[in-house]
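Inside the fold
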Amino acid sequence: MLTGEYTWTVQKAIPGRLRLRHKHADGSPVDFTGYTAEAEVWNQKRTVKYSQCTVEFEDRANGTVLITLPEADTLTTRRLPYFDLRLVPPVGDDIFSVRGPVNLVQSYSWET
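Described below are features of the structure shown in this document.

To continue, consider the side chain of His 22. By the secondary structure assignment, His 22 is in the loop between strand S3 (16–21) and strand S4 (36–42). In contact with His 22, other than residues within four places in its own chain, are Pro 29, Val 30, Phe 32, Asn 62, Gly 63, Val 65, Leu 85, Leu 87, Ser 97 and Val 98.

Spelled out as structure tokens, the structure:
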């Protein structure tokens, strides 16, 4: 079940982080107790996998998840990648919670 779409902007050469808080239609948080999660980055057709992200439940009871794209993968991932976050309940079908394009942008450092 797709519950949302999001464009994730990630700077190259820096680990990409995306914090998501899931809520029900009535505004109450989704309780992820017992869930497992997986996030990946693919091409748009989902035929080439670019990266396996790490996923942490920052606050299971209040539906907060942190996805991290490894720094090295921000440099090697091709243009126009897409990500998906799959949340798996303790019993039942997979839930594809969020997916969307990853906007890779050049990072800059400034010397003063």
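Trp 8, Phe 32, Cys 53, Ile 67, Phe 83 and Leu 85 are the most contacted members of the largest nonpolar core, which has 21 residues in total. Contributions of two or more residues to this core are made by strand S2 (8–11), S3, S4, strand S5 (49–59), strand S6 (64–69), strand S7 (82–88) and strand S8 (95–105). In terms of residue count, S8 provides more of this core than any other element does, 4 residues in total.

It is worth spelling out the packing of aromatic side chains at this point. Under the counting rule described, the total for this entry stands at 3 aromatic pairs. A centroid spacing of 5.3 Å and a plane angle of 75° characterise the contact between Trp 8 and Phe 83, whose relative ring orientation is edge-to-face. Residue Trp 8 is found in strand S2, and its partner Phe 83 is found in strand S7; the two are separated by 75 residues along the sequence. For the residue pair Trp 8 and Phe 83, the accessibility class agrees, reading buried in each case. When the ring of Phe 32 is compared with that of Phe 57, the centres are 5.8 Å apart and the planes differ by 55°; the resulting orientation is tilted. With a gap of 25 residues between them, Phe 32 in the loop between S3 and S4 and Phe 57 in strand S5 connect regions that are remote in the sequence. Taken as a pair, Phe 32 and Phe 57 share a single burial class, namely buried. Members of the aromatic cluster, connected to one another through ring pairs, are Phe 32, Tyr 35 and Phe 57. When the ring centre of Phe 57 is taken as origin, the NZ or CZ atom of Arg 60, which lies over that ring, is 3.9 Å away.

This next bit is on the pattern of salt bridges. On inspection of all chains with the given rule, the structure shows 5 salt bridges. Glu 38 serves as the salt-bridge partner of Arg 86, at 2.1 Å between the closest nitrogen and oxygen. Note that Arg 86 is positioned in strand S7 and Glu 38 in strand S4, a separation of 48 residues in sequence. Linked through salt bridges whose partners overlap, the residues forming this network are Glu 40, Arg 46, Lys 49 and Asp 84.

What counts and what doesn't
Residues numbered from 1 in each chain as written. Predicted model: local features only at pLDDT ≥ 70, side-chain atom pairs only at ≥ 80, totals over all residues. Heavy atoms only, no water. Helix = DSSP H or I, 4+ residues; strand = E, 2+ residues; numbered from the N terminus. Contact = heavy atoms within 4.5 Å. Core = buried A, V, L, I, M, F, W, Y, C linked by side-chain atoms within 4.5 Å. Buried < 20%, exposed > 50% of the residue type's maximum accessible area, 1.4 Å probe, protein only. Phe/Tyr/Trp six-rings, centres within 6.5 Å; stacked < 30°, edge-to-face > 60°. Lys NZ or Arg CZ within 6 Å of the ring centre and 35° of its normal. Salt bridge = Lys/Arg side-chain N within 4 Å of Asp/Glu carboxyl O.

In short, the description is geometric, and any link to function would need to be established separately.
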